[in-house]
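# Remarks on the overall topology
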Amino acid sequence: MNLVRALYFRVGIAFALRRYRRAVRLSGHYTDDALHWRSVAEILIAKSKSPTSNR
């Protein structure tokens, strides 16, 4: 994994998790927005661990 790709995933995951925590904090429970950002983070984490994903 090259450095730019690794940085892209780290920034994306951090952003998605920050949005997820913010949505939960503002609403007090899991809303559609919070669940969306959690799934985005999970997808990015899975792609960052997959050696064959070049997308």
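Residues numbered from 1 in each chain as written. Predicted model: local features only at pLDDT ≥ 70, side-chain atom pairs only at ≥ 80, totals over all residues. Heavy atoms only, no water.

### So, the pattern of salt bridges
Put simply, the test is: What makes a salt bridge here is a side-chain nitrogen of Lys or Arg within 4 Å of a carboxyl oxygen of Asp or Glu, nothing more. Numbering of helices and strands runs from the N terminus; a helix is a DSSP stretch of H or I covering at least four residues, while a strand is a stretch of E covering at least two. The rule is simple: take the accessible area with a 1.4 Å probe, protein chains only, and divide by the maximum for that residue type; under 20% is buried, over 50% is exposed, in between is partly exposed.
The tally for this structure, following the rule as stated, stands at one salt bridge. Arg 38 is paired through a salt bridge with Glu 42; the nearest N and O atoms lie 3.9 Å apart. Here Arg 38 and its partner Glu 42 are both found in helix H2 (residues 32–49), four residues apart, which amounts to about one turn of the helix. Taking relative accessible area as the criterion, Glu 42 reaches 48% and is therefore assigned partly exposed.

### A word on the nonpolar core
Heads up, the rule is: By convention a nonpolar core is built from buried Ala, Val, Leu, Ile, Met, Phe, Trp, Tyr and Cys residues, the set being connected through side-chain atoms within 4.5 Å. Residue contacts follow a heavy-atom distance rule, with two residues in contact if any of their heavy atoms lie within 4.5 Å.
Counting six residues, the largest nonpolar core is built from Ala 16, Tyr 20, Ala 23, Ala 34, Trp 37 and Ala 41. Aside from chain neighbours lying at most four places away, what touches Trp 37 is Phe 15, Ala 16, Arg 19 and Tyr 20.

### Section: the environment of Arg 10
Of note, Arg 10 is situated in helix H1 (residues 3–27). Distance from Arg 10 to Leu 44, taken between C-alpha atoms, is 8.7 Å for residues 34 residues apart in sequence.

### Topic: the packing of aromatic side chains
Where we set the bar: Two rings from Phe, Tyr or Trp (for Trp, the six-membered ring) form a pair when their centres are within 6.5 Å of each other. A pair whose planes differ by under 30 degrees is stacked, one over 60 is edge-to-face, and the rest are tilted.
As enumerated under the stated definition, the model contains two aromatic pairs in all. For the ring pair Tyr 8 and Phe 9, a centre distance of 5.3 Å and an interplane angle of 70° mean the geometry is edge-to-face.

### What to know about the packing of H1 against H2
Two quantities define a packed helix pair, namely the angle between the axes and the distance from one axis to the other. Stated precisely, the cut-off is as follows: Axis geometry follows a simple rule: fit a line to the C-alpha atoms, using only the stretch in contact for helices, then measure angles between N-to-C directions, giving values from 0 to 180 degrees. With respect to orientation, any angle under 35 degrees is reported as roughly parallel, any angle over 145 as roughly antiparallel, any angle of 65 to 115 as roughly perpendicular, and every other angle as oblique. By the definition used in this description, the sense in which the near helix is turned from the far one sets the handedness, with an anticlockwise turn below a right angle giving left-handed and a clockwise turn giving right-handed. Classification convention: Asp, Glu, Lys, Arg as charged; Ala, Val, Leu, Ile, Met, Phe, Trp, Tyr, Cys, Pro as nonpolar; all other residues, Gly among them, as polar.
It is the contact of H1 with H2, at a shortest axis distance of 8 Å, that shows an interaxial angle of 160°. The angle between H1 and H2 places the two elements in the roughly antiparallel class. Judged by the sense of rotation from one axis to the other, the crossing of H1 with H2 is left-handed. From H1, Arg 5, Phe 9, Gly 12, Ile 13, Phe 15, Ala 16, Leu 17, Arg 19, Tyr 20, Ala 23 and Val 24 reach across to H2, where they touch Asp 33, Ala 34, Trp 37, Arg 38, Val 40, Ala 41, Leu 44, Ile 45, Lys 47 and Ser 48. Looking at the contact of H1 with H2 residue by residue, the class counts come to 14 nonpolar, two polar and five charged.

### Quick notes on H2
Test applied: To estimate how far a helix should reach, multiply one less than its number of residues by 1.5 Å. The directions from the helix axis to the C-beta atoms form the arc being described.
With 18 residues, H2 should reach 26 Å at 1.5 Å per residue; the first-to-last C-alpha distance of 26 Å fits that figure. Of the positions making up H2, those classed as buried are Ala 34, Trp 37, Ala 41, Leu 44 and Ser 48. For H2, the arc enclosing every buried residue in end-on projection is 95°, short of the 170-degree limit, so these residues lie on one face.

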